[in-house]
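# Residue-level structure breakdown
Next come the chains, spelled out residue by residue.
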Amino acid sequence: MELDYATNEPKMEKDHSESVNQLLPEVEQLVSSGNLHQALEKLHALEKKTRASADLWSTTKLVETVVDICGKSNEWDLLEQEVTLLAKKHGQLKQAIAKMIQRAMTFVEKTPDEDTRVQFIEALRKVTEGKIHVEVERARLTRMRVEVYEKHGMIKEACDTLQEIQVETYGSMDRREKTDFILEQMRLCLAKRDYVRMAIISHKINPKYFEREGTEDLKLRFYELMIQYDLHEEDYLEACRHYQQVYKTKCISEDVQRWPMVLQNVVLYLILSPYDNEQKDMLERIKLDHNLEKLELCAQLVRSFTTLELTRWPAVEALYGGEFRRTDVFSSETEEGHKRWMALRDRVIEHNIRVIAGYYGRAKIQRLTELLDLPADDVEKFLAKAVVGGTIYARIDRPAGIVSFEKPSDGEDQLNVWTSDVGRLLSLVEKTTHLIAKEEIVSKIAKAIN
């Protein structure tokens with residue numbers, strides 16, 4: 001049979017549309033009189049002819065009619081059997097199968113009870129298994145099945161079932177629906193606490209897609225899920241980045257009720273992030289945001305971390321504790337909130353150590369305990385952490401109780417300094433020689449004129 005490359009189906013050999021139009025009223029009369037099986041026999045007899053002739057329109061019309069009369073008659077077992085049988089027919093047209101499955105899916109919500117619905121969905125999933133031309137329909141059916149699992153609290157089964165569908169490879173599925181499907185996979189992975197798989201699935205979504213119009217709802221869902229993952233991993237810098245993306249979303253930035261809370265979370269998670277060049281750069285950039293001044297406490301907190309001045313923890317706790325301990329970030333009612341509050345204390349101490357290292361060449365441990373409001377053992381612990389992190393240089397002389405912040409220079413460094421000094425000296429000599437020669441020439445010219 002010759003192939004029609006436009007539809008990727010065999011070319012039609014004979015048109016049976018007239019026979020189909022004549023048969024359909026007769027079938028309706030048989031169904032209304034209660035002769036359902038006789039009506040199905042007539043439909044099957046003509047369907048065989050239309051399928052053999054590759055008449056796509058007629059075959060599609062007949063298989064859809066079979067589905068309609070079974071579904072409207074509430075013969076659910078018969079409907080499953082008919083769909084399965086028609087899909088397995090030799091030489092069945094792919095587009096006819098797709099249309100039949102789509103029509104059958106409209107009856108899923110009309111099933112009388114949940115057991116029947118689940119059985120019907122599973123039957124349709126079995127029919128669509130391994131067929132590329134109905135992959136989108138299979139994905140939608142799988143999502144219906146997952147909703148039932150989730151309704152009964154079977155999160156693991158729901159998550160595992162949804163993972164079977166690799167929608168990112170489906171070329172026939174709309175990109176918005178595809179993104180929505182992947183977001184649902186991410187949500188179920190979080191509910192199952194499968195954080196590794198959730199991180200892997202998140203890479204299937206390109207954030208640049210959210211720059212298109214009409215994707216703000218998907219963007220907010222994506223970053224909400226990513227923030228939950230970041231907080232579980234205690235990756236506060238990533239949480240800050242994701243809150244920044246939420247803050248830049250048009251529907252958030254224009255809503256005066258929503259953007260202050262989002263911007264506050266951006267600041268708090270940025271402060272909680274370990275110090276490095278990137279964190280420092282983000283602090284300086286967020287300091288320029290004109291909306292930050294509208295959040296007085298957040299603005300003060302940012303200034304205290306961007307100026308080289310000591311910020312005493314008792315003062316920070318007294319100033320910010322009353323307000324920030326009521327937020328979700330530092331909630332006093334949750335273990336995570338208390339943990340982050342202690343992390344803020346560590347960041348304040350680390351900032352103070354950097355300030356001290358910038359002003360002091362050497363300092364006694366006793367003096368550091370006064371400046372940092374810490375016992376001597378904790379001072380050593382924080383100093384060691386800062387040295388290992390590469391943010392400062394320090395050496396502790398325990399017997400003498402002195403900390404040295406001056407990095408000793410080796411022979412190469414001393415030679416570089418000497419070379420630089422000699423280079424500057426020679427440059428000055430050369431410049432002076434040039435000026436003397438210039439004055440001599442000017443003097444000779446003046447004498448010659450006179």
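For the structure given in this document, a descriptive report is provided here. From a predicted model like this one, the values you see are computed outputs, not experimental measurements.

About the criteria used
- Residues numbered from 1 in each chain as written.
- Predicted model: local features only at pLDDT ≥ 70, side-chain atom pairs only at ≥ 80, totals over all residues.
- Heavy atoms only, no water.
- Helix = DSSP H or I, 4+ residues; strand = E, 2+ residues; numbered from the N terminus.
- Expected span 1.5 Å × (residues − 1).
- Buried < 20%, exposed > 50% of the residue type's maximum accessible area, 1.4 Å probe, protein only.
- Contact = heavy atoms within 4.5 Å.
- Phe/Tyr/Trp six-rings, centres within 6.5 Å; stacked < 30°, edge-to-face > 60°.
- Lys NZ or Arg CZ within 6 Å of the ring centre and 35° of its normal.
- Polar contact = N/O pair within 3.5 Å; in protein donor to acceptor, adjacent residues only side chain to side chain.

## Let's talk about helix α4 (residues 76-88)
Along an α-helix, residues three or four positions apart point the same way, because every turn accommodates 3.6 residues. Under the 1.5 Å per step criterion, the end-to-end length of α4 is 19 Å for 13 residues, consistent within 8% with the ideal 18 Å. Burial in α4 covers these residues: Trp76, Leu78, Leu79, Glu80, Glu82, Val83, Leu86 and Ala87. Considering only its buried residues, α4 is in contact with α2 (36-52), α3 (56-72), α5 (94-105) and α6 (114-128).

## Some thoughts on the packing of aromatic side chains
Evaluated as defined, the whole model comprises 11 aromatic pairs. Between the aromatic rings of phenylalanine 210 and tyrosine 223, the centroid separation amounts to 6.2 Å while the plane-to-plane angle is 55 degrees, which identifies the pairing as tilted. Of this pair, phenylalanine 210 sits in the loop between α10 (195-202) and α11 (216-233) while tyrosine 223 sits in helix α11, and the two are 13 residues apart along the sequence. Grouping residues by exposure puts phenylalanine 210 and tyrosine 223 together as buried. Summarising the aromatic geometry, the rings of phenylalanine 222 and tyrosine 223 are spaced 5.1 Å apart at their centres and angled 70 degrees between planes, so their arrangement reads as edge-to-face. Note on phenylalanine 222: relative accessible area 4%, which makes it buried. Ring pairs connect the aromatic residues Trp313, Tyr320, Phe324, Phe330 and Trp341, which therefore count as one cluster. Positioned over the ring face of tyrosine 149 is arginine 145, at 3.9 Å from the centre of the ring. Across the ring face of tyrosine 275, the terminal group of arginine 354 is positioned such that the distance to the ring centre comes to 3.7 Å.

## What to know about the side chain of asparagine 352
Considering the arrangement of structural elements, one finds asparagine 352 in helix α18 (residues 335-359). The exposure class assigned to asparagine 352 is buried, which follows from its relative accessible area of 2%. Within polar-contact distance, the side chain of asparagine 352 engages the backbone nitrogen of threonine 311 at 2.8 Å. If sequence neighbours within four positions are ignored, asparagine 352 has contacts with Glu309, Leu310, Thr311, Arg312 and Leu372.

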